[in-house]
Amino acid sequence: MQTKFLLGENRIPTHWYNVIADLPAPPAPVLHPGTLQPVTPADMLPLFPPQLLEQEMSGERWIKIPDEVREIYKLWRPSPLIRAHRLERLLGTPAKIYFKYEGVSPAGSHKPNTAVPQAYYNKLAGTKRIASETGAGQWGSSIALACQMFGLECTIYMVRVSHGQKPYRRSMMQLWGAEVLASPSPRTNVGRAILARDPQNQGSLGIAISEAVEDAATHDDTKYALGSVLNHVCLHQTVIGLEAKEQMKEAGDYPDVVIACHGGGSNFAGMAFPFVADKAAGKQVRLLAVEPASCPTLTKGVYDFDFGDTARMAPVVKMHTLGHDFMPPGIHAGGLRYHGASPLVSQLLHHGIIEARAVGQLSCFEAAVTFARTEAIIPAPESSHAIRGAIDEALAAKAEGKPRTILFNLSGHGHVDMTAYDDYLSGKLVDYEYPAEKVKESLAHLPKVPA
Ligand SMILES: *Cc1c(COP(=O)(O)O)cnc(C)c1O
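Residues numbered from 1 in each chain as written. Predicted model: local features only at pLDDT ≥ 70, side-chain atom pairs only at ≥ 80, totals over all residues. Heavy atoms only, no water.

(A) How the structure looks around empty space enclosed by the protein. Taken as a whole and assessed by the stated rule, the structure comprises 5 cavities of 30 Å³ or more. Taken as a whole, the largest cavity holds about 390 Å³ of empty space. Forming the walls of the largest cavity are 32 residues, and the residues nearest its centre are Lys111, Trp139, Leu205, Ser228 and Gly335. Mapped by element, the contributors of at least two residues to the lining of the largest cavity are strand 6 (129–134), helix 6 (138–150), helix 10 (205–217) and helix 13 (266–280). Each pocket or cavity is described by its volume, and for the second largest cavity that value is around 50 Å³. Along the walls of the second largest cavity sit Gly135, Ala136, Val159, Ser162, Leu205, Gly334 and Arg337, which together make up its complete lining. Classifying every residue of the lining of the second largest cavity gives 3 nonpolar, 3 polar and 1 charged. (1 Å grid on protein atoms, 1.4 Å probe; cavity = no way out; pocket = protein on both sides within 12 Å on 5 of 7 lines; lining within 4 Å. Points joined across faces, edges and corners; volume = space filled by probe spheres on them. Helix = DSSP H or I, 4+ residues; strand = E, 2+ residues; numbered from the N terminus. Nonpolar A, V, L, I, M, F, W, Y, C, P; charged D, E, K, R; others polar.)

(B) Fine view of the sheet that holds strand 10 (residues 257–261). With mixed pairing, the 7 strands of this open sheet are ordered in space as 1-4-5-15-10-11-14. Each of the sheet's edge strands pairs with one partner strand only, and the pair in question is strand 1 (4–5) and strand 14 (355–359). Alignment of strand 4 (residues 81–83) against strand 5 (residues 96–101), held across 3 bridges, turns out to be antiparallel. Of the residues in strand 5, the one forming a bridge with Ile82 is Phe99. Each of strand 5, strand 10, strand 11 (286–292) and strand 15 (405–410) touches helix 13; the most contacted strand, strand 11, lies at about 160° to it. (Pairing = 2+ DSSP bridges. Contact = heavy atoms within 4.5 Å. Axes fitted to C-alpha atoms, helices over the stretch in contact; angles between N-to-C directions.)

(C) Spotlight on the packing of helix 6 against helix 8 (residues 167–175). The interhelical angle for the contact between helix 6 and helix 8, taken along N-to-C directions, is 10°, at an axis separation of 8 Å. Between helix 6 and helix 8, the angle falls in the class roughly parallel. For the pair helix 6 and helix 8, the sense of crossing is left-handed. Two secondary-structure elements touch here, helix 6 through Gln138, Gly140, Ser141 and Ala144 and helix 8 through Arg169, Met172 and Met173. (Parallel < 35°, antiparallel > 145°, perpendicular 65-115°, else oblique. Left-handed = near helix turned anticlockwise from the far one by under 90°.)

(D) Geometry of the packing of aromatic side chains. If you walk through the whole model with that rule in mind, you get 12 aromatic pairs. Aromatic side chains Phe99 and Phe408 sit 5.5 Å apart centroid to centroid with 25° between the ring planes, which places their arrangement in the stacked category. Of this pair, Phe99 sits in strand 5 while Phe408 sits in strand 15; the two residues are 309 residues apart in sequence, bridging distant segments of the chain. The class for Phe408 is buried, based on a relative accessible area of 0%. (Phe/Tyr/Trp six-rings, centres within 6.5 Å; stacked < 30°, edge-to-face > 60°. Buried < 20%, exposed > 50% of the residue type's maximum accessible area, 1.4 Å probe, protein only.)

(E) Up close: the pattern of salt bridges. Following the criterion strictly, the structure yields 24 salt bridges and no others. Of the charged contacts, one joins Arg61 and Asp22 as a salt bridge, the two residues approaching to 2.6 Å between their closest N and O atoms. Here Arg61, found in the loop between helix 2 (50–57) and strand 3 (62–64), pairs with Asp22, found in the loop between strand 2 (15–17) and helix 1 (41–44); they are 39 residues apart in sequence, far enough to count as distant. Its relative accessible area of 36% is what places Arg61 among the partly exposed residues. Note that Glu355 and Arg286 form a salt bridge whose closest N and O atoms lie 2.8 Å from each other. Separated by 69 residues along the polypeptide, Glu355 in strand 14 and Arg286 in strand 11 bring together distant segments of the chain. Residue classification places Arg286 among the partly exposed residues on the basis of a relative accessible area of 27%. (Salt bridge = Lys/Arg side-chain N within 4 Å of Asp/Glu carboxyl O.)

(F) Focus on the layout of surface pockets. There is about 660 Å³ of room inside the largest pocket. Taken together, 32 residues line the largest pocket, and the ones lying closest to its centre are Val30, Glu56, Leu230, Asn231 and Val317.

(G) Region of interest: unusual backbone geometry. Residue Arg77 is joined to Pro78 through a cis peptide bond whose omega torsion reads -10°. Within the fold, Pro78 resides in the loop between helix 3 (67–73) and strand 4. With phi around 60°, Leu36 is a residue other than glycine that occupies positive phi space. One non-glycine residue, Arg312, lies in positive phi territory at about 60°. As for its placement among the helices and strands, Arg312 is situated in the loop between strand 12 (302–307) and strand 13 (316–321).

Structure, rendered in structure tokens:
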């Protein structure tokens, strides 16, 4: 019984897959946050290098991966596909469970898949420094290491609550050469204004994004980088699903359902989008995004235009959103606490091509512990949502007494998240209700976009 399905370095994909080519309708326009008119490349050039903007708007189905990027991908790609034999046996399910393991990257998650090309295109364009934000620290550490690979400076605005709770992520970023500031910080106008009103403000991803965008927009040699949500980020992540399809072939299987956790949508996009192409060609495959019940963007948000950040400096995009000033509770899966979702993931959900499900924090940690005790890998709290989804699918197959082939993305390991496991094991972790009132309040503040 084979467990690991490995590909040689020569099988690293040569092209990223662009799902826009297979959408049933063109994507909605991206709007300027001030005028609410469609943005022009000139609006975005202070923030992003031209090649990334081109990818952001491209309708080409296949986009070549530069050799310099594939060289760095070789440090950990292709990532393994693993059959979860022990988990299957424990569940007593007729289902087969496969997972793609992105925790083998140097930062321990899928995020370097996009950090590396983003740093590369910035280097090509003559950028000296990248300003970015990080919540739990996974993105910050990924962009820090990518900047280090290409000799760029890096400034990270880290959500204050995580800056305190996750000292080791901060150390990783510093080790890879980045400067790390607790956000809100005194470095930007946005940060200073928030601190003047509320010196104890614990920060949010939305605030940290505003700070990094302001930093990039006000310095000529500095550009901004985002670790999720945007089209080019989803594009870069498709190496995950493209490899997984090859590996499933080697296993002699094809998934009935493909599952990933959902924060801003990038690891879900990376795993699921290459299967959208199959679906567009008539194949039967379910694509399931699993999100936290405390930040239920896809299952309880509206599909409408909203700002990408709290300070309303980032572009306005059509997406599933809980409102740009929605402040999610401090759950341990910090990477899943964004108010919005990738416009591409949102559009696919809107067209019924993908599905979404929300799950509670405690049931995710229970799934993570079951996984660690069978498959031995300690999952990132974010990834535990995908595990919950996969276990529930396997149990549904058992209840029906029918086989089912399940493929999920294990987006990262939890080695730097052991405080979360300590809290779970000592019974300190709680479930949060769906914050209906807060969502309602926040949704009242969506921009009024002229039809
Ligand atoms: C950041 C992160 C996520 C969530 O981000 P997406 O853009 O939704 O993928 C999920 N898992 C891990 C391990 C992460 O670091």
